[in-house]
Amino acid sequence: MSIWTALLDLLFPPRCPFCGKIQDRSGVCPICQKNLPLTREGESVRLLEAGLRCAAPLWYEDIARQGLLRFKFHEGVSAADCLGEMIAQCAAEAFYGEFDLVTWVPVSRKRLRRRGYDQAELLARAACRVWQAEPKRLLRKSRHTPAQSGLRDASQRRDNVLAAYEVLDPAMVAGHRILLIDDICTTGATLRECARVLREAGAAEVMCAVAARTPSEKDGKTGKSS
């Protein structure tokens, strides 16, 4: 261990990405590891509208929900590496050999200034490190919208993000099979809108991966949406 690494660990000790407990090394603490709401084989991929597939290693409930809310709204950026690694493993298992480009769902400039970071970008970069690759910035949020978490109705969520994203350079998209990364999937409205504009720009295929998704009736679960 270098002196610099030791100093960083002293100033910013590793914390469990889900409960926030300080521990000796980075990663999930033993207690959370036992209680993580992991999606099982056959459950990890959800088919959204328009044939869009979305893979998730976790259900968006219990300690996974708590950890992701901390990561998203309370500067829990240290959780990105662990969550990104989980996304990478899940996406590789679900979509092996099916994508050649990775991007993320961007936040608006207003939200980026307020929050200081783009949580989906952090996840995409962490996932790509596992694959020794680099994600590409393909999308821009062209207008600021109210947070999706404040909208309960699926139609409201869909209308909220309609025409809110645009492709930066269609030449970077055309012909590519793209993995689109975000933090959470509830109704899937944001992912569907981003996939739509990528496809209209010429993407050959778009699939999605998130850290966690809300259980649906088809899953036989009753998790709470947010």
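Shown above is the structure to which this text applies.
Residues numbered from 1 in each chain as written. Predicted model: local features only at pLDDT ≥ 70, side-chain atom pairs only at ≥ 80, totals over all residues. Heavy atoms only, no water.

### Focus on the overall build of the protein chain
From N to C terminus, the protein chain includes nine helices and eight strands. In the protein chain, buried positions account for 49% of the 226 residues. Here the analysis covers contacts within the protein chain between residues at least 6 apart in sequence; of these, 72% occur between residues at least 24 apart. Of the accessible surface of the protein chain, which amounts to about 12000 Å², a share of 51% is contributed by carbon and sulfur atoms. (Helix = DSSP H or I, 4+ residues; strand = E, 2+ residues; numbered from the N terminus. Buried < 20%, exposed > 50% of the residue type's maximum accessible area, 1.4 Å probe, protein only. Contact = heavy atoms within 4.5 Å. Areas by Shrake-Rupley, 256 points an atom, 1.4 Å probe, with all protein chains shown as cover.)

### Points about the pairing of strand β4 (residues 101–104)
Covered by surrounding structure in β4 are Leu101 and Thr103 together with Val102 and Trp104, the residues of both alternating faces. Bridge analysis of β4 against strand β7 (residues 177–185) gives four bridges, and the strand direction is parallel. Within β7, the residue paired with valine 102 across the bridge is leucine 179. (Pairing = 2+ DSSP bridges.)

### Focus on helix α9 (residues 189–200)
If you check α9, its first and last C-alpha atoms are 17 Å apart, about what twelve residues at 1.5 Å a residue would give, namely 16 Å. The buried fraction of α9 amounts to nine of the twelve residues, a majority that puts the element mostly inside the structure. Listed in full, the buried residues belonging to α9 are Ala189, Thr190, Leu191, Arg192, Glu193, Cys194, Ala195, Val197 and Leu198. (Expected span 1.5 Å × (residues − 1).)

### What to know about the pattern of salt bridges
Pairing between side chains of opposite charge can happen when their charged atoms approach one another. In this structure the tally under the stated criterion is 13 salt bridges. Across the salt bridge formed by arginine 177 and aspartate 100, the nearest N and O atoms sit 3.4 Å from each other. Taken as a pair, arginine 177 in strand β7 and aspartate 100 in the loop between α4 (80–95) and β4 lie far apart in primary sequence, 77 residues in all. Here glutamate 121 makes a salt bridge to arginine 125, at a shortest N to O gap of 3.0 Å. (Salt bridge = Lys/Arg side-chain N within 4 Å of Asp/Glu carboxyl O.)

### Examining α4
The end-to-end C-alpha distance of α4, which contains 16 residues, comes to 21 Å, matching closely the 22 Å that a straight helix rising 1.5 Å per residue would cover. When α4 is considered as a whole, its buried residues turn out to be Ala80, Cys82, Leu83, Gly84, Met86, Ile87, Ala88, Cys90, Ala91 and Phe95. The elements touched by buried residues of α4 are β2 (53–55), β3 (58–59), α3 (62–73), α6 (119–130), β7 and β8 (205–213).

### Some details on the packing of aromatic side chains
One pass over the full model with this rule turns up two aromatic pairs. Ring centres of phenylalanine 71 and tyrosine 117 lie 6.5 Å apart, and the angle between their planes is 45°; on these two criteria the pair is classed as tilted. Pair noted here: phenylalanine 71 is in helix α3 and tyrosine 117 is in the loop between α5 (109–115) and α6, with a separation of 46 residues, a long-range link. For the pair phenylalanine 71 and tyrosine 117, a shared accessibility class is recorded, and that class is buried. Geometrically, the ring pair formed by phenylalanine 99 and tryptophan 131 is tilted, given 5.4 Å between the ring centres and 55° between the ring planes. Linking phenylalanine 99 in the loop between α4 and β4 with tryptophan 131 in the loop between α6 and β5 (139–141), this pair joins segments that are 32 residues apart in sequence. Exposure remark for phenylalanine 99: the relative accessible area of 19% places this residue in the buried category. (Phe/Tyr/Trp six-rings, centres within 6.5 Å; stacked < 30°, edge-to-face > 60°.)

### Things to note about unusual backbone geometry
Unlike most non-glycine residues, aspartate 62 shows phi in positive territory, near 55°. Mapped onto the elements, aspartate 62 comes out in helix α3. Not every positive phi belongs to a glycine, and glutamine 132 is a case in point at roughly 55°. Within the secondary structure, glutamine 132 sits in the loop between α6 and β5. Judged by its relative accessible area of 77%, glutamine 132 is exposed.

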